[in-house]
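A look at the structure
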Amino acid sequence: MNRLLITGATGFIGAPAVRAARGHFEVHATARAPRAPVPEGVRFHRCDILNAAEAERLVADVRPTHLLHLAWVATPGVYWTTPENHRWAEASKRLLSAFVRHGGRRAVVTGSCAEYDWAAAGACRETDPPARPHTTYGRCKLAFGRWAEALGAARGVSVARARLFFLYGPHEHPARLVPSVARALLAGAPAACSAGTQVRDFLHVDDAADALVALTRAELTGAVNVGSGTPVAVRDVIGRVAAACGRPELVRLGERDTPATEPPLLVADVTRLRDELGWRPRIDLGTGLDETVGWWRANRAA
């Protein structure tokens, strides 16, 4: 069976990706430390990817045939601008270089919708050059993704770049949109929100994990948007969360300013994901939000 190394394997996306991959690969999961019991049949390796020697040892020991690279700085309010993005880009180059040297055949590296030019109107298409990221995070993700593709082409390794859009679900960072609103309302506190007129593309994290594993198993190369392809106003997401919490009267739309850097429309064109990979989401937004609020209700201290 092919050996898959998943970095960032205990994170918001990594944990469901590990679960989704178990039936298809011999799964080796890595992170700085385990946060929960490792799923049956999965081998966990403690490793700091930012440490060059540790990362090299990990790849030499595992000798993965496949790589799903998720690890990166992702702390809300920090990751857009932190210089840590540059460290992660360099560490990711070292990791992928080691993967290639040790016989790796197929790599999927995760990018972001932040790689696109947010000033452009319409759906984000992988084939629409040039991408003009407006943040340090987006620029580093784009630069590393292009470097990874070039390395793959030069060394005969299949490389895909999964550009993730707006994910939600259990275990999301409490400061992000869905949990911040849900936690406030479940506690009986007002939820101060922007006007919510921004239109976004939301995808349940379990669907995103399934799409990433499907992409890892395939031979599709280049940038591939991973989203729902469905435009939804942020205020409608807030409204569904409020209804699931049973406290719509506590929502304060317009109480917070919308940052000037927020694009009015950010939605994925999912033609490659749907037609070339043959993948579609299974969890509709309403059901996913209801289930996510149920998770936060049961895990208010998380």
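The preceding data block contains the structure.
Before going into details, it helps to say that this report is about the structure given with it. (Residues numbered from 1 in each chain as written. Predicted model: local features only at pLDDT ≥ 70, side-chain atom pairs only at ≥ 80, totals over all residues. Heavy atoms only, no water.)

Some thoughts on the packing of aromatic side chains
This structure, assessed with the given rule, holds 9 aromatic pairs. A centroid spacing of 6.2 Å and a plane angle of 45 degrees characterise the contact between Trp72 and Phe144, whose relative ring orientation is tilted. One end of the pair, Trp72, is in the loop between β4 (66-69) and α3 (84-101); the other, Phe144, is in helix α4 (residues 136-155), and 72 residues separate them in sequence. Owing to a relative accessible area of 11%, Trp72 belongs among the buried residues under this scheme. Accessibility expressed as a relative area gives 3% for Phe144, which makes it buried. Among the aromatic residues, those joined into a ring-pair cluster are Tyr79, Trp80, Trp118 and Tyr137. Over the face of the ring belonging to Tyr116 we find Arg163, whose NZ or CZ atom lies 4.8 Å from the ring centre. (Phe/Tyr/Trp six-rings, centres within 6.5 Å; stacked < 30°, edge-to-face > 60°. Helix = DSSP H or I, 4+ residues; strand = E, 2+ residues; numbered from the N terminus. Buried < 20%, exposed > 50% of the residue type's maximum accessible area, 1.4 Å probe, protein only. Lys NZ or Arg CZ within 6 Å of the ring centre and 35° of its normal.)

A few points about the state of the cysteines
The bond known as a disulfide is covalent and runs between the sulfur atoms of two cysteines. Counted by the stated rule, this structure contains 0 disulfides. Free of any disulfide, Cys140 has its nearest neighbouring cysteine sulfur in Cys113, separated by 16 Å. Given the relative accessible area of 5%, Cys140 is considered buried. (Disulfide = S-S within 2.5 Å.)

Details of the nonpolar core
Ile6, Leu68, Trp72, Leu212, Leu215 and Leu273 are the most contacted members of the largest nonpolar core, which has 70 residues in total. The element that contributes the greatest number of residues to this core is α3, accounting for 8 residues. Discounting chain neighbours no more than four positions away, the residues touching Trp72 are Asn85, Trp88, Ala89, Ser92, Tyr137, Cys140, Lys141 and Phe144. Membership of the second largest hydrophobic core comes to 23 residues, among which are Val181, Val237, Val241 and Leu289. (Core = buried A, V, L, I, M, F, W, Y, C linked by side-chain atoms within 4.5 Å. Contact = heavy atoms within 4.5 Å.)

Regarding the environment of Leu177
You can see Leu177 is positioned in helix α5 (residues 177-186). Between the C-alpha atom of Leu177 and that of Val237, which follows or precedes it by 60 residues, the distance is 9.1 Å. If we ignore the near neighbours within four places in the chain, the residues touching Leu177 are Phe202, Val234, Val237 and Ile238.

Here we look at the sheet that holds strand β12 (residues 232-233)
Pairing in this open sheet of 3 strands is mixed, and the strands run β12-β9-β14 from one edge to the other. Strands at the two margins of the open sheet, each flanked by one partner only, are β12 and β14 (265-266). Judged from the 2 bridges that link them, strand β9 (residues 199-200) and β12 form a sheet pairing that is antiparallel. Across the sheet, Val199 pairs through a bridge with Ala233, a residue of β12. (Pairing = 2+ DSSP bridges.)

Quick word on the pattern of salt bridges
Applying the stated criterion across every chain yields a total of 17 salt bridges. Residues Arg19 and Asp206 are paired through a salt bridge, measuring 3.7 Å at the closest nitrogen-oxygen approach. Of this pair, Arg19 sits in helix α1 (residues 14-21) while Asp206 sits in helix α6 (residues 205-217), and the two are 187 residues apart along the sequence. By relative accessible area, Asp206 is classed as partly exposed at 33%. (Salt bridge = Lys/Arg side-chain N within 4 Å of Asp/Glu carboxyl O.)

What to know about the environment of Arg161
Examined against the element boundaries, Arg161 turns out to sit in strand β6 (residues 158-164). In contact with Arg161, not counting residues within four places along its chain, are Val109, Glu115, Leu142, Gly145, Arg146, Glu149, Gly222, Ala223 and Val224.

Digging into unusual backbone geometry
One non-glycine residue, Arg63, lies in the positive phi region at around 50 degrees. Positive phi is not limited to glycine here, since His171 has a value of about 70 degrees. Relative to the helices and strands, His171 resides in the loop between β7 (166-168) and α5.

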